[in-house]
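# Breakdown of the fold
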Amino acid sequence: MTYSVEVTVRGYELDTQGHLNQAVYLQYAEHARWELLREAGLAQEKLLAHGIGPVQLEVTVKYLRELRGGDRVRVSCELLYGTGKTFEMRQRIVKEDGTVAAEIGGVGGILDLKARRLIGDPAGRFASLASKPELLGLPAA
């Protein structure tokens, strides 16, 4: 399942050329990931209470179209799981007219905050804690 949030580009996020600063694309992606976790029932407080936290291990951004102040975009997030300690994140930033402004790909994991190591089976851990695991691309309990 692909989850998305809406964001409006704010003036203070622009660079000297008048388009969205490159680092802000990453902030939008991060915002969408945290909103996805929150809506799935995995708010930051809950994750911390269980001694875990999501981490991003790798990120790649393809900037495809510029964004300007006032542009409204949808930032999507899809998680794909394999068999190891990591999962893939696929995200897109799409303008109102359907134009893809950026594609963000990454690798994430779940960190055991005491051991400072990735936990095994991130899909299983998310599924066991989430109230809406289907939002995370996982089967409902």
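Above this text you will find the structure in question.
Below: a short report on this structure.

Conventions and cut-offs
- Residues numbered from 1 in each chain as written.
- Predicted model: local features only at pLDDT ≥ 70, side-chain atom pairs only at ≥ 80, totals over all residues.
- Heavy atoms only, no water.
- Core = buried A, V, L, I, M, F, W, Y, C linked by side-chain atoms within 4.5 Å.
- Buried < 20%, exposed > 50% of the residue type's maximum accessible area, 1.4 Å probe, protein only.
- Helix = DSSP H or I, 4+ residues; strand = E, 2+ residues; numbered from the N terminus.
- Expected span 1.5 Å × (residues − 1).
- Polar contact = N/O pair within 3.5 Å; in protein donor to acceptor, adjacent residues only side chain to side chain.
- Contact = heavy atoms within 4.5 Å.
- Salt bridge = Lys/Arg side-chain N within 4 Å of Asp/Glu carboxyl O.

Before going further, it helps to examine the nonpolar core. Judged by nonpolar contacts, the single largest core of 36 residues is most densely connected at Tyr28, Ile93, Phe126 and Leu136. Elements supplying a minimum of two residues to this core: β1 (3-8), α1 (22-39), β3 (72-81), β4 (86-95), β5 (100-112) and α3 (122-129). With 7 residues, the single largest contributor to this core is α1.

With 18 residues, α1 ought to run about 26 Å at 1.5 Å a step, and its terminal C-alpha atoms sit 27 Å apart, in line with that. Of all the residues in α1, the buried ones are Val24, Tyr25, Tyr28, Ala29, Ala32, Arg33, Leu36 and Leu37. Where α1 starts, the residue carrying a side-chain oxygen 2.8 Å from the main-chain nitrogen of Ala23 turns out to be Asn21.

Now for the environment of Arg92. Note on placement: Arg92 falls in strand β4. For Arg92, a relative accessible area of 39% puts it in the partly exposed group. Remark: the alpha-carbon pair of Arg92 and Gly51, spanning 41 residues in sequence, is separated by 30 Å. For Arg92, the residues in contact, after removing those within four places along its chain, are Arg74, Val75, Ser76, Val100, Ala102 and Glu103. Reaching out from Arg92, the side chain makes a polar contact with the side chain of Glu103 at a distance of 3.0 Å.

So, about the pattern of salt bridges. All chains considered together, the criterion is met by 9 salt bridges. Taking the shortest distance from any N to any O, the salt bridge between Glu96 and Arg72 comes out at 3.6 Å. In this pair, Glu96 sits in the loop between β4 and β5 while Arg72 sits in strand β3, placing the two residues 24 residues apart along the sequence. Judged by relative accessible area, which is 63%, Glu96 ranks as exposed. Taking relative accessible area as the criterion, Arg72 reaches 37% and is therefore assigned partly exposed. Between Glu103 and Arg92 there is a salt bridge, and its shortest N-O distance comes to 3.0 Å. Here the residue Glu103 occupies a position in strand β5, and Arg92 occupies one in strand β4, the gap between them amounting to 11 residues.

Its place among the elements puts Glu13 in the loop between β1 and α1. There is a polar contact of 2.6 Å between the side chain of Glu13 and the side chain of Arg10. When sequence neighbours within four positions are dropped, the list of residues in contact with Glu13 reads Thr8, His19, Leu20, Asn21, Val24 and Tyr28.

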